[in-house]
Amino acid sequence: MWLYQMTLRLILFLITVNFTWTRTATLINLGQGRCGEETELVCSGTGTFTWNIRKDSIIVADPAQLHDDIKYSVSVTSTSVTLTIHNTDVSDLGEYSCEVAYDGRSEHKQLQFECQANATLASVTSGKRLQLTVDKLFPASVSAVLSVNAMVRGGGASSVPSQVSRFCKNSNTYRNYTICKWTSSSLPDGQYTYSIVVSTPTSTTRTGTFEMYTPGAPQLANSITEESKLILRVDEGKPATVSCTSSGGYPVQTVLLYLDNSLQASSNTGALQNGLYTVNVSYTILSSRSQDLKKICCNSSYPDADDGLKGQGGTCATLQLFLPPSQVSASQDGDVVSGNSIRVHCTATGSRPAAGLSWAYMGTTSTPQVSTSVDGTTYLYTAVSNYTGTVTAADNGQTITCLAAHRLLPQPLMANTTLNLLFEPSGISLTGNTDGFQATGNNRLAMSCTTGSANPPSIITWHNGTASDQVISNNHPYVNTTGQYNGVVRQQKLWMYPTRYNDGQSVTCSATNNIGSVKSTTVSLNLHYSPILSFMTDRTIQEGDKNVALKCQAWSKPAATFRWYKGGSSVVLHQVNGTSDDNSGTYVIRLVSRQDTGRYECRAENGVGSADSKYVNLIVEFPALTTTITGATGIYANGVNKVTLTCSTGSSNPASIINWFRNNQTITSNESLVNMSGEYGGKLTSQVIKFVPTHKMDGHVMECRAGNGLQSSTAEWAREKLDLKYNPIVSVNIAPVEIDETQSGSLSCTVDSKPLSTITWSRFDSGNTVPTNRLVKGSNSLGYMITDAQREDAGDYRCTAYNGYGGNKFNNTQVVIRYSPDVGVVTQNTTVNAPSVVIRCNPSGVPATYTYTSWKQVWPGYGVVRTFSGSDVLTLTSLTYKDNGVYTCEVENGARYSRNPSAGQGQALLNILSYPVIMTVETTMTVAVQIGNVSEFSVDFFSNTQDIKVYIVKENSESKSNIASTSILPKRLTYRVFDHNIEVGGFVVRTMLTVKKEEELGSYKLTIENNIGSQNLTVILKPKGPPFAPTIISMTNIQQTSAVLTWTRGFHGGFSQTVYVEISVDRQRWDVKFETYEGKLENKTKVNTILQQLQPGTLYFIRMFAENEMGKSGWTRTFNITTTMTVYTASPVPVVGGVIGGCLGAIVVIAVIVVIFQRNYTFNISKKREAPAGPFITESENPGYDAGRPYEDVSMTTATSDYAALGNVDTGPENVHVYSSLDTSNRKPHPVYENFEKRTNEDLVCNNAVQKSPVETVLN
């Protein structure tokens, strides 16, 4: 479509060029715009096959698009285009141009349109302000002026100072326009004109007139004026409506009605009459007394107007209620004595208007003169009336009534008062039994004094003797009864409890009410009284005294009878009658014993009242007869608990003294003596002794000795034996117990405790218990036998004893297991180019003091080739291939025994990589060949690296020969190592020659090279495929019966292949353990194969090969692993690997980890042509190489050099060490076997095997 349009445009252009030689500009016609309406723009030309319309140089419409399909619409004819602008607004202002066909750009036209603002006059606001709104303004910062003028006579106007505020916002009616609101400040009363002039593009002018009037003072309906005060009157308790009217305001005023300064009603809504507003407000009040004299005010104003123009106007009236009397009272003026004149006063207060008063007495009504008065503040009235007359005693107690009448009262209010007249008592009398009264002090003598009728009641007073003698206090209440003429008859009782001391005295009663004279009467007392005994002094005597007399003396009327008693008993010991001359009684004890101790009573009585008793204490001194010890003697002696014993004596007087002894040794108690009452008035003495016993006090005898010093006393000793319980005290071997590994020893534990303890042995360092069959029990002891001691038996042991007291008690001892050292040997593989190599010997045994006896070099598969003197470090210099081998370090530490049969020696395999060594003595080889046929020759050589390259170059030529193909095959060779001839695995270079022409004969240089170096041999010439072997990557996760084999596939040789895994335990007989059909898969991803059903603790050799229909591949490198044992999983037996066929092995002893990086071989092979299949050399001849590779230029290079960046070699590219050095910084002198830690650097061979079993040894 695009191509079609472009083609059409080109044709039209050519037509225009060919036939239109004179071009004219496009015509444009832009209509007059109107705000909010549509505006048309018309563009005319020669055609409309192409066109565009621009605004301010920006395209708003063309045939492809419309910039805004809401704002614009387009109609097209054959020669013109019409653009319609909808809802035209200020955003459409701009410069428009257009072009149709290719007539050229039109002239630029500016859009013009008219958009006049409009104005709306708002009514004058309640704030006496003019408010004007103008819409459709542009721009937002519109320039507009509002003026307000007061109208004057003659039609003119005068300017009025007025502040005008403006508020503008976006118009809701006209898009992109503004609406503004002008508001003037408040204006005074008058007629006004206003004018607003808008001088922006939306210009306009608006004028108008308005008026402003303030209403007159509001009027309160039903109000009256009294004494220049406006008053509003209503009846109390009746609802009343208050109405207020305000007239003559514009704009409408606000009317407020207040009661006591509290707003009650308001309104700003009124009726418009003759252009002015009238507003009415009403409020109904309840007319309670609390509203009396409150102000009612009505205000009319413009509260929203500016200060000074609010027009405050108001009218206030006082609310006065018609009120009945609030109180009516009547009272007698003063006390009046019978026969005198009386006046009664009546008052009615708090009424409006004044109340009317009248009197009612004894059935007669009278209306005396009434006087009134008004309060100048409250405007309340008070009415007063008096009643007078002469009275007698008969008027006493009569009631007189005052009546108050008022217009608001349906019935008069009444106030009563009772007349009170004074008169004296008529007489007095005194009664009671006062002759022969028994004055025991407890008997009550009752007398009664009674007065005659009197008003006020009489006051009664009692006296000892006459009325002028001492006043007797009396709390008995008066008993009043009504007497004659409503007077009071008063009676009061006097209760006396006379004693012997009141005998012969008199009592007087008098009465008076201060009206008239005092009335009085008197009686005399004649009393009998009981005995009173004299005090007797206590006596102290000793047991055995004789004729001890006790005497008591009595005071009584008549004389008393005396009786003696003891200890509260009712049995009479002795009785005697007193006389008026000797009123006493005596009791005699003939022989004193401790039983005579006690309290004696002398009791006297004479029939008057109760008997009197006096007591005398007879104290008899005597010694104690018994002493005892009480308390727990069998406590738990834990150093905290205390023995608490109490020594108690029998009764003694005086109290006994107590002394304590333990095993006849005096001890002191910190507790005080405690004395308690005992028999016969003696003291029971006791003392507590407290002490914290030790277990050594068990069986000690505690004694208590008591006495009070009397000659007749005997010392009593009390004894108790301590039977203490105490927690175990555990004793074990103080020094560590040393035992040789595999030998026997014992631990002993002796416990001192009561009762006997349960004893156990445990491992303190592990928390485990020990085998019970090794325990030897004794009397509160327990031995532990260690037979066939193992190093795991070394550690901290704890003997724990428990007997129910103090919890478990224990003591610790240590067992040291001596054993010959386990030896680890660490070294790093290197090359003959290195200046030296270091082999370190790391022994671990107990004790950790070592003697290094010797070093031995063993050539694997042969034996010892040389020895060295003992040391912890062996350094080899001037390195050759002969330095390869297993190095054994022999160490002693004085311990003769070890469970490890290899203790005392450790081994490590050292590989010294060398350049190839050609085995022929001569440096030149002559080979007879036949042109046109295939010939073959072989060269034996030794190399302990497999990255071997072979070159054949014709003498005096820089390029390789193209007549020969070479192959490298393993071969058994005899090699000279120091003084020993040793058969080793070597190689043979088999060269296949195809000589086609004579020029190809001659001298060739055969170069055998590895990454260490090379050797040359001069060769003089005088005249067809099995699969590749897979590659073993690593052996990991070695368990008791399984292991994981990781490998990759080899080249399949063009045919489907099957891969086999073989295992052997003797490297002689091989069994296929696993086979898998791989087809023609060529990817090199790693394959994990689990080898199962292996035997625990067994050394296995593992290899792989592949087979297709053309034959078998060679075997892979041989790996060896040792599965884990069920015993000693934490202490692996050293595994020694060797160099077999020149391949790299490894040895790991104890905590030594030898990490071997996998060699990644890259074979660069260019197959020239098939060669006859040669004989395959079996793995038993050379287990480390792929047999039979008939390919030219076999180039074997390692992706990562085995010998790069050795720690002590300066040559070779940087890389990771073949062997990681052993970290012995944390090696413990006491061998607790640790699992080998996982290496942080990836082990490409063993795949990060975690050494918890013997480490595999990889044979290359």
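Predicted, not measured: the structure shown is a model, and the values here were computed from it.

Calculation notes
Residue positions within a chain follow its written sequence, with the count starting from 1. Local features in this predicted model are restricted to residues of pLDDT 70 or higher, and side-chain atom pairs are both shown and tallied only at a pLDDT of 80 or more, whereas totals for entire chains, interfaces and linings draw on every residue. Values reported for side chains reflect all heavy atoms of the structure, with hydrogen atoms and water molecules removed beforehand. Strands are runs of DSSP state E lasting at least 2 residues, helices are runs of H or I lasting at least 4, and numbering of each runs from the N terminus. Summary of the burial criterion: residues with accessible area below 20% of their type's maximum are buried, those above 50% are exposed, and those between are partly exposed, where the area comes from a 1.4 Å probe applied to protein chains only. Surface accessibility follows the Shrake-Rupley procedure with a 1.4 Å probe radius. Residue values consider only the protein chains on display as shielding. Only strands joined by at least two bridges in the DSSP assignment are considered to pair. With axes taken as lines fitted to C-alpha atoms, and helix axes fitted only over the stretch in contact, angles between N-to-C directions fall between 0 and 180 degrees. The set of buried Ala, Val, Leu, Ile, Met, Phe, Trp, Tyr and Cys residues whose side-chain atoms join them within 4.5 Å is what this entry labels a nonpolar core. The contact criterion used is simple: two residues touch if any of their non-hydrogen atoms lie within 4.5 Å. Criterion for a disulfide: a pair of cysteine sulfur atoms at a distance within 2.5 Å. For patches, a residue must show more than 30% relative accessible area and have no salt bridge; joins then use 9 Å for like charges and 5 Å for nonpolar side chains, namely Val, Leu, Ile, Met, Phe, Trp and Tyr. Here a salt bridge means any side-chain nitrogen of Lys or Arg lying within 4 Å of a carboxyl oxygen belonging to Asp or Glu. Only Phe, Tyr and Trp rings are paired, with Trp represented by its six-membered ring, and only when their centres lie within 6.5 Å; those with planes under 30 degrees apart are stacked, over 60 edge-to-face, the remainder tilted. When the NZ atom of lysine or the CZ atom of arginine is within 6 Å of a ring's centre and also within 35 degrees of its normal, the charge is said to sit over that ring. The quantity called pLDDT is the predictor's confidence in a given residue, expressed from 0 to 100.

1. Focus: the overall build of the protein chain
At step 1: Summing up its helical and strand segments, the protein chain has one helix and 99 strands in all.
At step 2: Within the protein chain, the proportion of its 1260 residues that are buried is 45%.
At step 3: Of the roughly 62,200 Å² of accessible surface on the protein chain, a fraction of 49% belongs to carbon and sulfur atoms.

2. Thoughts on the sheet that holds strand S37 (residues 399–405)
The pairing of strands in a sheet comes from backbone hydrogen bonds and takes either a parallel or an antiparallel form.
At step 1: Spatial ordering of the open sheet is given by S34-S33-S37-S38, a layout of four strands whose pairing is antiparallel. For this open sheet the edge positions go to strand S34 (364–366) and strand S38 (413–418), each flanked by a neighbour on one side alone. Strand after strand, the sheet turns through a mean of 25° between neighbouring axes, direction not considered.
At step 2: Note: S37 against S38, six bridges, orientation antiparallel. By the bridge assignment, Ala404 is partnered in S38 with Leu413.

3. Focus: the pairing of strand S75 (residues 851–859)
At step 1: Bridge count between S75 and strand S78 (residues 885–892): seven bridges; the pairing is antiparallel. Bridge assignment links Gln857 to a residue of S78, and that residue is Tyr887.
At step 2: Where S75 lies against strand S76 (residues 863–869), six bridges are found, and the strand directions are antiparallel. Opposite Trp855, over in S76, you have Phe868 as the bridge partner.

4. Concerning the nonpolar core
At step 1: Ranked by size, the top nonpolar core spans 24 residues in total, and within it Val927, Phe937, Val939, Phe941, Leu1006 and Leu1021 carry the most contacts.
At step 2: Val732, Tyr797, Val816 and Ile817 belong to the second-largest nonpolar core, a separate cluster that totals 23 residues.

5. Re the sheet that holds strand S30 (residues 327–332)
At step 1: Ordered by their spatial adjacency, four strands build an open sheet running S30-S32-S36-S35, and the pairing between neighbours is antiparallel. Where the open sheet ends on each side, the last strands, each with one partner, are S30 and strand S35 (371–374). Geometrically, the sheet is characterised by an average inter-axis angle of 15° between neighbouring strands, direction not taken into account.
At step 2: Sheet topology note: the S30/strand S32 (residues 341–351) ladder contains six bridges and is antiparallel. Within S32, the residue paired with Gln327 across the bridge is Thr349.

6. Examining the environment of Ala265
At step 1: As for its position among the elements, Ala265 is in strand S25 (residues 262–267).
At step 2: Considering only alpha carbons, one finds Ala265 and Val281, 16 residues apart in sequence, at a separation of 6.7 Å.
At step 3: Beyond its immediate sequence surroundings of up to four residues, Ala265 is in contact with Val255, Leu256, Leu257, Val281, Ser282 and Tyr283.

7. Focus: the state of the cysteines
At step 1: Under the criterion given, the structure shown has 10 disulfides.
At step 2: Two residues share a disulfide in this structure: Cys647 and Cys704, whose sulfurs sit 1.6 Å from each other. Across the disulfide from Cys647 to Cys704, rotation about the S-S bond amounts to roughly -65°, and the bridge is consequently left-handed. Of this pair, Cys647 sits in strand S58 (residues 643–649) while Cys704 is found in strand S63 (residues 701–707), placing the two residues 57 residues apart along the sequence.
At step 3: On the basis of relative accessibility, which here comes to 0%, the residue Cys647 falls in the buried class.

8. Structural notes on a nonpolar patch on the surface
At step 1: Residues Tyr501, Ile532 and Trp555 make up a contiguous nonpolar surface patch of roughly 320 Å² in combined accessible area.
At step 2: Here Ile532 shows up in strand S49 (residues 526–533).

9. Observations concerning the packing of aromatic side chains
At step 1: Going through the model one piece at a time under the given rule, you end up with 19 aromatic pairs.
At step 2: Both rings, one in Phe1105 and one in Trp1115, keep their centres 6.0 Å apart while their planes meet at 70°; by these two values the pair is edge-to-face. With Phe1105 in strand S94 (residues 1099–1108) and Trp1115 in the loop between strand S95 (1111–1112) and strand S96 (1119–1122), this residue pair connects regions lying 10 residues apart in the sequence.
At step 3: Here the aromatic cluster, defined as three or more aromatic residues joined through ring pairs, consists of Trp359, Tyr361 and Tyr387.
At step 4: If you follow Arg603 out to its NZ or CZ, it ends over the ring of Tyr565, 4.2 Å from the centre.
At step 5: Sitting over the face of the ring of Trp717, Arg705 holds its NZ or CZ atom 3.5 Å from the ring centroid.

10. Side note on the pattern of salt bridges
At step 1: Counting across every chain of the model gives 35 salt bridges.
At step 2: Close ionic contact of Arg343 with Asp333 constitutes a salt bridge, the shortest N to O distance being 2.7 Å. In this pair, Arg343 sits in strand S32 while Asp333 sits in the loop between S30 and strand S31 (336–337), placing the two residues 10 residues apart along the sequence.
At step 3: A relative accessible area of 30% means that Asp333 is categorised as partly exposed.
At step 4: Across the pair Glu1078 and Arg1049 runs a salt bridge, and its minimum N-O distance is 2.5 Å. In this pair, Glu1078 is assigned in strand S92 (residues 1071–1079) and Arg1049 in the loop between strand S90 (1043–1048) and strand S91 (1057–1064), connecting sequence segments 29 residues apart.
At step 5: Its relative accessible area of 8% is what places Glu1078 among the buried residues.
At step 6: What you see here is one network of salt bridges that share partners, running through Glu741, Arg791, Glu792, Asp822 and Arg899.

11. Points about the side chain of Ser106
At step 1: Here Ser106 shows up in the loop between strand S9 (95–100) and strand S10 (109–110).
At step 2: Those residues in contact with Ser106 that sit more than four places away from it in its chain are Thr26, Ile28, Ser97 and Cys98.

12. Side note on the environment of Thr364
At step 1: Looking at the secondary structure, you find Thr364 in strand S34.
At step 2: Assessed through its relative accessible area of 51%, Thr364 is described here as exposed.
At step 3: C-alpha of Thr364 to C-alpha of Ile400: the two residues are 36 residues apart in sequence and 10.0 Å apart in space.

13. Considering unusual backbone geometry
At step 1: Omega for the peptide link from Lys557 to Pro558 comes to 5°, which places this bond in the cis form.
At step 2: Along the polypeptide, Pro558 turns up in the loop between strand S51 (546–557) and strand S52 (561–566).
At step 3: Going from Lys754 to Pro755, the amide bond is cis rather than trans, its omega being 0°.

14. Examining the confidence of the model for the protein chain
At step 1: When pLDDT is averaged along the protein chain, the result is 80; 84% of the residues meet or exceed 70.
At step 2: Across residues 1127–1260, confidence stays below pLDDT 50; counting only partners more than four residues off in sequence or on other chains, it has 348 contacts.

15. With respect to the environment of Arg798
At step 1: Residue position: Arg798 is located in strand S71 (residues 795–802).
At step 2: Given the relative accessible area of 17%, Arg798 is considered buried.
At step 3: When the C-alpha atoms of Arg798 and Val730 are compared, they prove to be 10.0 Å apart, with 68 residues separating the residues in sequence.
At step 4: Sequence-distant contacts of Arg798, defined by excluding residues within four places in its chain, comprise Thr760, Trp761, Ser762, Phe764, Phe810, Asn811 and Asn812.

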